[in-house]
Amino acid sequence: MYVNKEAIQQARNADLHAFLLANHADLFEKDGRSIRLATNRSISIKEGFHAYRDFSTGEYGNSITFLMEHLGF
């Protein structure tokens, strides 16, 4: 399946917080305006953003990276 550069950029800039709550809410716990991965609470996704941050390692990335690295997409 071919995906063009525009589609990749749209996916990177998607609202990760909203997508995860709509599709995988059972994997996350609310923490103020953020959600945290229930299996790794150091990973935080802030409401309205398209990125995540792992406060234990300093790692951060976009929506695509999170889905691939942490949810196995």
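Residues numbered from 1 in each chain as written. Predicted model: local features only at pLDDT ≥ 70, side-chain atom pairs only at ≥ 80, totals over all residues. Heavy atoms only, no water.

What to know about the overall build of the protein chain
Our working definition: Numbering of helices and strands starts at the N terminus; helices are DSSP runs of H or I of at least 4 residues and strands are runs of E of at least 2. Atoms counted for the radius of gyration: C-alpha only. Globule rule: 2.2 Å times the number of residues to the power 0.38. Per-residue accessibility, obtained with a 1.4 Å probe over protein chains only, is compared with the maximum for each type, and a residue is labelled buried under 20%, exposed over 50%, and partly exposed between these values. For this analysis, residues touch if any pair of their heavy atoms sits within 4.5 Å.
Each helix and strand in the protein chain was counted, giving 3 helices and 5 strands. Taken against the 2.2 N^0.38 rule, which gives 11 Å for 73 residues, the C-alpha radius of gyration of the protein chain at 12 Å falls within 12% of a compact globule. The C-alpha extent of the protein chain, read off along each of the three principal axes, is 35 × 25 × 20 Å. In the protein chain, which comprises 73 residues, the share counted as buried stands at 26%. When contacts within the protein chain are restricted to residue pairs at least 6 apart in sequence, long-range pairs at least 24 apart make up 36% of them.

Description of helix α3 (residues 63-71)
Quick reminder of the rule: Within this analysis, the arc is defined by the directions that extend from the helix axis to the C-beta atoms. N or O atoms within 3.5 Å of each other form a polar contact, as long as, within protein, one can give a hydrogen and the other can take it, and as long as residues adjacent in sequence are counted only when both atoms are side-chain atoms.
Those residues of α3 not exposed but buried are Ser63, Phe66 and Leu67. In a view along the axis of α3, the buried residues occupy a sector of 95°, so they form one face of it. Buried residues in α3 make contact with α1 (5-12), α2 (16-24), β1 (28-31), β3 (40-46), β4 (51-54) and β5 (60-62). Of the residues flanking the start of α3, the one acting as N-cap is Asn62, its side-chain oxygen 2.9 Å from the backbone nitrogen of Ile64.

Some points on the environment of Leu27
Here Leu27 is to be found in the loop between α2 and β1. Among the residues examined, Leu27 registers a relative accessible area of 34% and is labelled partly exposed.

Some points on the sheet that holds β3
Note the threshold: Paired strands are those between which DSSP finds at least two bridges. A fitted line through C-alpha atoms serves as each axis, taken over the contacting stretch for helices, and the angle formed by two N-to-C directions is quoted from 0 to 180°.
Pairing within the open sheet is antiparallel, and its 5 strands lie in the order β1-β2-β3-β4-β5. Bordering the open sheet on either side are β1 and β5, each of which pairs with just one other strand. The sheet shows a mean angle of 30° between the axes of neighbouring strands, direction not considered. As defined by bridge partners, strand β2 (residues 34-37) adjoins β3 across 4 bridges and the pair is classed as antiparallel. Along β3, the bridge assignment pairs Leu37 with Asn40. Lying on the sheet, α3 is in contact with β1, β2, β3, β4 and β5; it crosses β5 at an angle near 115°.

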